[in-house]
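Structure assessment
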Amino acid sequence: MINDANRIVFKFGTNILRNEEGEISLTHMYSFIEDIASLRKKGKEVLVVTSGAVGIGAKKLKVDTSTSNVLKQAAASVGQQILMRIWQDGFEKYGISVAQILVTEDDFSNRKKYLSLRNTLSKLLELGIVPIINQNDAVLPSELVHVCFSDNDKLSAIVASKLDADLLVMVSDIDGLFDKNPKEYPDAKKIDVVEKVTAKIEKLASGASLGGRGGMITKLSAAKVVNLSGLYAMIVNGKKPRIIKRIFEEENVGTLFLPNKILSHKKRWIAYATNIMGEITVNAGAKSAIIDKQKSLLAVGIVDVKGDFKAGEIVSIFDENHEEFARAMVNYSSDECKKIMGAHSHEIENILGYKGDDDVVVKDNLVIL
């Protein structure tokens, strides 16, 4: 099953790339590179999503980045070149070329940019090159807070989903998902296979690991995105010797998440790969029509509108209990939605002085979460 994976995304967390002193661990990185090179020789396509630039840069500059976003940006700009040089030098020893890809949320939120990025990555893979992908933390302060993706776990899931990868492997410093926190409970047992990331499964996650922005919560979120895209995902411990090789020898390592359903590329983009610009709250009748009857959203079902969005942008759809149940691309701006909410379709032209569409959201541009 895993051996059949042809296009694979590996995500390496900050902690797994550093030693106990916080320095870059060449032993770990070269071990990963050696195993990835072996996969490439077997004809498999590989993309690497790497963390670590901020941590490496902070160590180099001898600064505490927790006090300032500007310091984080400075550290990222210094650390990124060090990190990239190690990846490049390591892969070159095996005759493999790499490409640096630095991305921001806007590269995914803007659909034209997203499609261009997707084409670039596809061409690099076609040429036998390993893309090394990271957030462009040196550019925007919002990169270090939260918009489309707040960490490289989510970024790796988006990359895997958009590039039709077969498998996402999140290489961390923990053996996988446990039935309870192994740091607190010695009798905690690793869960080998997860069929679906349910609310019960999500409750098993704990917070972020020291030194990184991700944690089990973000890894489960990433696994959920990947599984809903019809792909496999794994969480494995990169501190275990030759962990990548052992995955493809089909040893029982880590936690495997099974695929659930397949969304179209457009719906994957709507659901996961773009910034959410606002909120629309609908009544029970509209929610039922969307979920049970797979209908479009009409203005008559809207009870509240928040945010400042334009037609063509993505919003979250909430019910009256303020639970998000869908995301969608809207046909009207926030100002227009506020004017026409609660109105019947035939009344829109009289209210606005023009009419763009009967539906505020057409069903083809709506994803139920």
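What comes next concerns the included structure.

1. A word on the overall build of the protein chain
When you go through the protein chain residue by residue, the secondary structure sums to 13 helices and 13 strands. Overall, the C-alpha framework of the protein chain stretches about 70 × 40 × 40 Å when taken along its three principal axes. Counting over 369 residues, the protein chain shows a buried share of 51%. Taking as baseline every contact in the protein chain between residues at least 6 positions apart, the subset at least 24 positions apart corresponds to 71%. Of the roughly 16900 Å² of accessible surface on the protein chain, 48% is carried by carbon and sulfur atoms. Positive and negative side-chain charges of the protein chain, numbering 49 and 48 respectively, have mean locations separated by a distance of 3 Å.

2. Some points on the pattern of salt bridges
This model, assessed by the stated rule, comprises 15 salt bridges. Residues Asp 192 and Lys 190 are paired through a salt bridge, measuring 2.6 Å at the closest nitrogen-oxygen approach. A salt bridge links Asp 358 to Lys 355, with the shortest nitrogen-to-oxygen separation between them at 2.5 Å. Take Asp 358: its relative accessible area is 38%, and that puts it in the partly exposed class. One continuous salt-bridge network, built from bridges that share partners, spans Lys 11, Asp 153 and Lys 219.

3. Here we look at the sheet that holds strand β8 (residues 255-257)
What the 8 strands build is an open sheet, ordered β3-β4-β2-β1-β5-β7-β8-β6; its pairing is mixed. Two strands lie at the open edges of the sheet, namely β3 (98-103) and β6 (193-194), each paired on one side alone.

4. Things to note about the packing of helix α1 (residues 26-41) against helix α3 (residues 69-92)
Their axes nearest at 9 Å, the elements α1 and α3 cross at an angle of 45°. As judged from the angle between their axes, α1 and α3 are oblique. Between α1 and α3 lies a crossing whose hand is right-handed. Two secondary-structure elements touch here, α1 through Leu 26, Met 29, Tyr 30, Ile 33 and Ile 36 and α3 through Leu 83, Ile 86, Trp 87, Asp 89, Gly 90 and Phe 91.

5. What to know about the sheet that holds strand β13 (residues 366-368)
Hydrogen bonds between backbone groups are what pair the strands of a sheet, and the pairing can be parallel or antiparallel. Taken together, 5 strands build an open sheet; the order of strands is β10-β9-β11-β12-β13 and the sheet is mixed. Where the open sheet ends on each side, the last strands, each with one partner, are β10 (302-307) and β13. Strand after strand, the sheet turns through a mean of 25° between neighbouring axes, direction not considered. In the packing of helix α10 (residues 265-272) onto the sheet, contacts are made with β11 (314-318), β12 (324-329) and β13, and the angle to β12 comes to roughly 120°.

6. Describing the pairing of β11
Burial within β11 is extensive, with 5 of its 5 residues counted as buried. Neither face of β11 is open: one carries Ile 314, Ser 316 and Phe 318, the other Val 315 and Ile 317, and all of them are buried. Pairing between strand β9 (residues 278-282) and β11: 4 bridges, direction parallel. Within β11, the position partnered with Gly 278 by the bridge is Val 315.

What counts and what doesn't
Each chain carries its own residue numbering, running from 1 in the written order of its sequence. Whole-chain, interface and lining totals are the exception, using all residues; otherwise, since this is a predicted model, local features are given only for residues with pLDDT of at least 70 and side-chain atom pairs are given and counted only at 80 or more. For side-chain calculations, the full set of non-hydrogen atoms in the structure is used, while hydrogens and water are omitted. Only DSSP runs of H or I reaching four residues or more are called helices, and only runs of E reaching two or more are called strands; each is numbered from the N terminus. Each residue gets one of three labels from its accessible area relative to the maximum for its type: buried under 20%, exposed over 50%, partly exposed in between, using a 1.4 Å probe on protein chains only. For this analysis, residues touch if any pair of their heavy atoms sits within 4.5 Å. Each accessible area is a Shrake-Rupley result for a 1.4 Å probe, and residues are judged covered by the shown protein chains and nothing else. This count recognises Lys and Arg as positive and Asp and Glu as negative, with His and chain-terminal groups excluded. The location of each charge is read from NZ of Lys, CZ of Arg, CG of Asp or CD of Glu. The salt bridge definition used is simple: a Lys or Arg side-chain nitrogen within 4 Å of an Asp or Glu carboxyl oxygen. When DSSP finds at least two bridges between two strands, those strands are taken to pair. To obtain an axis, a line is fitted to C-alpha atoms, over the contacting stretch when the element is a helix, and the angle between two such axes runs from 0 to 180 degrees between their N-to-C directions. When an angle is under 35 degrees it counts as roughly parallel; over 145 it counts as roughly antiparallel; between 65 and 115 it counts as roughly perpendicular; any other value is oblique. Left-handed is the label given to a crossing in which the near helix is rotated counterclockwise from the far helix by less than a right angle, and right-handed is the label when the rotation is clockwise.

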